[in-house]
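# Structure assessment
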Amino acid sequence: MCYKVKMISLQSAIAFKEIISSHSKVMIISHERPDGDSVSSLLSLRELICSINSAEVTLVSSNGVPKAFRFLPGAQNILSDFLCGDFDLVVTVDCGDLRRTGFAGRISKMLDNKVALVNVDHHPKNDLHKLSTLNIFDSSAASATEIIYQLINKLKVQINPNLATMLYTGLFTDTGSFQHPVTTSGVLKAASELLASGAKFKELRQNLTYNKSLPMLKLWGLVLERIKINKYNFAVSVVTKEDMEKIGANEDDLAGVVNLLESIPECCAAMLLVEVEPNVIRGSLRSNKSKIDVSGIAKLLDGGGHPRAAGFTYNGYVKMDKDGWKVL
Ligand code: 5GP
Ligand code: MN
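Residues numbered from 1 in each chain as written. Chains lettered and ligands numbered in written order. Predicted model: local features only at pLDDT ≥ 70, side-chain atom pairs only at ≥ 80, totals over all residues. Heavy atoms only, no water.

Attention now goes to the sheet that holds strand 10 (residues 304-305). Spatial strand order, 6-7-8-9-11-10: 6 strands in an open sheet with mixed pairing. Among the strands making up the open sheet, the edge pair consists of strand 6 (228-229) and strand 10. (Pairing = 2+ DSSP bridges. Helix = DSSP H or I, 4+ residues; strand = E, 2+ residues; numbered from the N terminus.)

Below is the structure:
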């Protein structure tokens, strides 16, 4: 049987081990407004690093961990801030670019002060690739945890049920529950191996799939009610901060709803615009069934991501006119 498994090389894994072995105060940081893959990557990388070296490892993700992922072992220890002087190695994971850490200025200063940087990512090439001492990168990986899983296998680290759960969660969430086209035979093989290693699928299902509050579902209802199809055949919807406050929901409650917007067969892509603060719009783009590279659109607005899933943050507001929703 031939599986299409994209490989992180043994050389990269050995280089990773060497750099981890020679540092003792490590900060692992992921992107702001964390998702399942970024939280799982932080937690599983810590497990990997601690199996190599008895380093002090601090996990950081600005904005805190969304409720849905707090069941993951150790999630309560993820900090939303840090002090620069405390580390001799920074590991960025699943970040896309330096700015998405939420601490670009501070990390740049640390690099100026000769702190080493390891970048682990599955986003297309960006500034972190140039800044890093070691770049562990595979843009064809479905999730950052898929890369970490390969490192773990190459370094022959034992996978216990907690670690398997973390790695599986990243795969599960970044593939849209194994539905996006990135769900290759290699991804399913990794998922199968992780289940065999004890990944707690029932717990994950309970926390991610069967854990929708009434306000969350009402918010999803509002998103669906507001869909407009624009002249480019994009399904677009909008939610304001006031909508969320009225319903008693928050931004975390929107996780996953953008995938529903693109289930209309005539639409070539989907976009959800969320007012996260007054005059700050977060955009989420998806294009699973078309050839449109939505990361190109996100880049126009200073964002980024993958061809099939991308995002941006924009200073402005949204307005409806005869052509549908517009970001102004
Ligand atoms: P989401 O819509 O789930 O927030 O993001 C979809 C994908 O786009 C994820 O892979 C995410 O990392 C990436 N992404 C979202 N927002 C940004 C952004 O502002 N900059 C970059 N570089 N990537 C983003
Ligand atoms: Mn990811």
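Now for the packing of aromatic side chains. For the coordinates displayed, the defined rule picks out 6 aromatic pairs. Relative to Phe87, the ring of Phe82 has its centre 6.3 Å away and its plane inclined at 65°; by these criteria the two rings are edge-to-face. Pair check on accessibility: Phe82 and Phe87 agree, each one buried. With a centroid separation of 5.6 Å and 70° between ring planes, the pair formed by Tyr168 and Phe178 is classed as edge-to-face. Separated by 10 residues along the polypeptide, Tyr168 in helix 6 (residues 161-174) and Phe178 in the loop between helix 6 and helix 7 (185-196) bring together distant segments of the chain. Of the aromatic side chains, those joined through ring pairs into one cluster are Tyr168, Phe172, Phe178 and Phe201. (Phe/Tyr/Trp six-rings, centres within 6.5 Å; stacked < 30°, edge-to-face > 60°. Buried < 20%, exposed > 50% of the residue type's maximum accessible area, 1.4 Å probe, protein only.)

Time to look at the confidence of the model for the protein chain. Averaged over all residues, the pLDDT of the protein chain is 93; the fraction at 70 or higher stands at 98%. This model gives residues 1-5 a pLDDT under 50, and the stretch forms 6 contacts once residues within four places in sequence are excluded. (pLDDT = per-residue confidence, 0-100. Contact = heavy atoms within 4.5 Å.)

Quick look at the pairing of strand 13 (residues 324-327) now. Note that strand 12 (residues 318-321) and strand 13 share 4 bridges and pair antiparallel. Along strand 13, the bridge assignment pairs Lys319 with Lys326. Remark: 2 residues form the turn of the hairpin made by strand 12 and strand 13, two consecutive strands paired antiparallel.

In this section: the coordination of the manganese ion (ligand 2). The manganese ion (ligand 2) binds to the protein through Asp37 (OD), Asp94 (OD), His122 (NE2) and Asp174 (OD); the donor distances cover 2.1 to 2.3 Å. For the manganese ion (ligand 2), the single-chain donor residues occur in sequence as D-x56-D-x27-H-x51-D. Taken together, the positions of Asp37 in helix 2 (residues 36-52) and His122 in the loop between strand 4 (116-121) and helix 4 (127-131) put the pair 85 residues apart, joining distant regions of the chain. His122 shares its class with Asp37; the two are buried. (Donors = N, O, S within 2.8 Å, 3.2 Å for Na, K, Ca; no water.)

Attention now goes to the side chain of Asn126. You can see Asn126 is positioned in the loop between strand 4 and helix 4. Asn126 gets classed as buried once you look at its relative accessible area, which sits at 12%. Engagement of the side chain of Asn126 in a polar contact is seen with the backbone oxygen of Pro124, the distance being 3.1 Å. A distance of 2.9 Å separates the side chain of Asn126 from the backbone nitrogen of Leu128, its partner in a polar contact. Beyond its immediate stretch of four places on either side in the chain, Asn126 contacts Gly96, Asp97 and Asp121. (Polar contact = N/O pair within 3.5 Å; in protein donor to acceptor, adjacent residues only side chain to side chain.)

Spatial ordering of the open sheet is given by 2-1-3-4-5, a layout of 5 strands whose pairing is parallel. The sheet terminates laterally at strand 2 (56-60) and strand 5 (134-137), the two strands that pair on one side only. Here the strands of the sheet are splayed against their neighbours by 15° on average, with no regard to which way each runs. Contacts from helix 2 reach strand 1 (25-29), strand 2, strand 3 (89-93) and strand 4 within the one sheet, and its direction differs from that of strand 2 by about 170°. (Axes fitted to C-alpha atoms, helices over the stretch in contact; angles between N-to-C directions.)

Following the sequence through the fold, Asp243 ends up in helix 10 (residues 241-247). Along the backbone, Asp243 and Leu219 are 24 residues apart, and their C-alpha atoms lie at a distance of 7.9 Å. Once you skip the residues sitting within four places of it in the chain, Asp243 turns out to touch Leu222 and Arg226.

Let us now look at the site of ligand 1. In the vicinity of ligand 1 there are 14 residues, among which Asp97, Arg100, His123, Ser284 and Arg286 approach most closely. Here a nitrogen atom of ligand 1 sits 3.1 Å away from a polar atom, N or O, in the side chain of Asp97. For ligand 1, an oxygen atom lies 3.1 Å from a polar atom in the side chain of Arg282. For ligand 1, the accessible surface in isolation is 500 Å², of which the surrounding protein chains cover 86%. Per-element tally for the shell around ligand 1: the top contributor is strand 11 (residues 309-315), with 4 residues. Split by residue class, the shell around ligand 1 holds 3 nonpolar, 7 polar and 4 charged. (Near = heavy atom within 4 Å. Areas by Shrake-Rupley, 256 points an atom, 1.4 Å probe, with all protein chains shown as cover. Nonpolar A, V, L, I, M, F, W, Y, C, P; charged D, E, K, R; others polar.)

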